[in-house]
Structure formats: C-alpha cells, structure tokens
Amino acid sequence: QVQLVESGGGLVQAGGSLRLSCVASIRPATTFGMGWFRQPPGKDREFVAAINWDSGRTYYADSVKGRFTISRDNAKKTVYMQMNNLESEDTAVYYCGLIYASEARYSDRKFYPYWGQGTQVTVSS
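Please read these numbers as outputs of a predicted model, since none were measured by experiment.

**Q** Account for the overall build of the protein, with residues named and values stated.
**A** Across its full length, the protein holds zero helices and 11 strands. Going from the N terminus to the C terminus, the protein shows its helices and strands as β-β-β-β-β-β-β-β-β-β-β. Against the 2.2 N^0.38 benchmark of 14 Å for 125 residues, the protein shows a C-alpha radius of gyration of 13 Å, consistent with a compact globule. Here the C-alpha coordinates of the protein stretch approximately 45 × 25 × 25 Å along the principal axes. Classification of the 125 residues of the protein by burial places 44% in the buried group. Long-range contacts, defined here as pairs at least 24 residues apart, represent 57% of the contacts in the protein between residues at least 6 apart. Distance from the positive charge centre (14 side chains) to the negative charge centre (11 side chains) of the protein: 5 Å.

Listed below in structure tokens is the structure:
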C-alpha cells in the first residue's frame, strides 16, 4: 500500500507561481510513474502532467506546456510540480497519483490505483 501526501497549494494572483509537492510513503520496487491531475469546480478530474520515475521522461497536457514542470527527487520519494504564469483557469484541487501501467496510460486517471488527498490551488484574476 502506497500513501501519497500533497502540499504546496494556496491562493495566488494570476501570473504568479506555486510549487506542489507529493511525498510517497514508500518507493515501489517495480517500474512506476507519478502523475498530477486536477479537478476544477464542477468538472471532472483531468490530466496535468506525469513522469516516469526511472527514466525521468515527462508528459504534459497541452494547457500547461511551457508553464508547468514536473520533476522528482528519488532520495526524498517526492514528485514536484512547478507552476508558473498561473491563470484563473488553473484553479482546481490538484491530486498526485501513482501508476504502474505503461507510459501510454499516464494521462488516464483510471489506471492510477493510488491517490493523495488533494491540495487546493486558487488563482485570482
């Protein structure tokens, strides 16, 4: 069983930056990836970014390319998401998840068996 704990959300003005963190309770022995999803008010949870833990290959939703950067620290069992130039449309609860499936599945939330509790990001315009 893997537990994930997010932190780093908050209130920020449009154009500002935040860095989200997600700490895993253990580092799985098998190949895995970590992803960030978000759920805006009244909408479904959507893919934001993901990273293959071993290779470091990254994937992004088109809406955040060039503004968000996902990274990981193996020693700290932590995945980060640096969010720059935030827009009001980025307002959402952000969740990190862990996935064992192939990279082709990284943007599909149903393949993530483990999720954190979420952290609120609010961008004021």
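So, next bit.
**Q** So, the pattern of salt bridges: which residues are in play, and what are the values?
**A** Summed over all chains, the structure comprises eight salt bridges. The salt bridge involving Arg27 is made with Asp54; its shortest N-O contact spans 3.0 Å. Placement of Arg27 in the loop between β3 (18–24) and β4 (33–39) and of Asp54 in the loop between β5 (46–52) and β6 (58–60) is noted, with a sequence separation of 27 residues between them. Among the residues examined, Arg27 registers a relative accessible area of 35% and is labelled partly exposed. For Asp54, a relative accessible area of 45% puts it in the partly exposed group.

**Q** Before we move on, could you go through the environment of Ala49 and cite the residues and values that matter?
**A** Relative to the helices and strands, Ala49 is located in strand β5. With 11 residues separating them along the chain, Ala49 and Tyr60 place their C-alpha atoms 4.3 Å apart. Leave out the neighbours within four places in its chain, and Ala49 touches Met34, Gly35, Trp36, Tyr59, Tyr60, Ile70 and Met81.

**Q** Before we move on, could you go through the nonpolar core and cite the residues and values that matter?
**A** Of all hydrophobic cores here, the largest spans 35 residues; its most connected members are Leu4, Met34, Trp36, Met81, Met83 and Tyr94. Only β3, β4, β5, β7 (68–73), β8 (78–83), β9 (92–99) and β11 (119–124) provide two or more residues apiece to this core. Aside from chain neighbours lying at most four places away, what touches Met34 is Leu4, Cys22, Ala49, Ala50, Ile51, Trp53, Ile70, Val79, Gly97, Leu98 and Ile99.

**Q** Residue-level account of the sheet that holds β3, with values.
**A** Taken in spatial order, the four strands make up an open sheet running β1-β3-β8-β7, and their pairing is antiparallel. Each having just a single partner strand, β1 (4–7) and β7 make up the two edges of the open sheet. Taking each pair of neighbouring strands and ignoring which way they run, the sheet shows an average axis angle of 15 degrees. Bridge analysis of β7 against β8 gives six bridges, and the strand direction is antiparallel. Paired with Arg72 across the two strands is Val79, which belongs to β8.

Cut-offs used in this document
Residues numbered from 1 in each chain as written. Predicted model: local features only at pLDDT ≥ 70, side-chain atom pairs only at ≥ 80, totals over all residues. Heavy atoms only, no water. Helix = DSSP H or I, 4+ residues; strand = E, 2+ residues; numbered from the N terminus. Rg over C-alpha atoms; globule rule 2.2 N^0.38 Å. Buried < 20%, exposed > 50% of the residue type's maximum accessible area, 1.4 Å probe, protein only. Contact = heavy atoms within 4.5 Å. Lys, Arg positive; Asp, Glu negative; His and termini not counted. Charge placed at Lys NZ, Arg CZ, Asp CG, Glu CD. Salt bridge = Lys/Arg side-chain N within 4 Å of Asp/Glu carboxyl O. Core = buried A, V, L, I, M, F, W, Y, C linked by side-chain atoms within 4.5 Å. Pairing = 2+ DSSP bridges. Axes fitted to C-alpha atoms, helices over the stretch in contact; angles between N-to-C directions.

So yeah, pure geometry; function would need other evidence.
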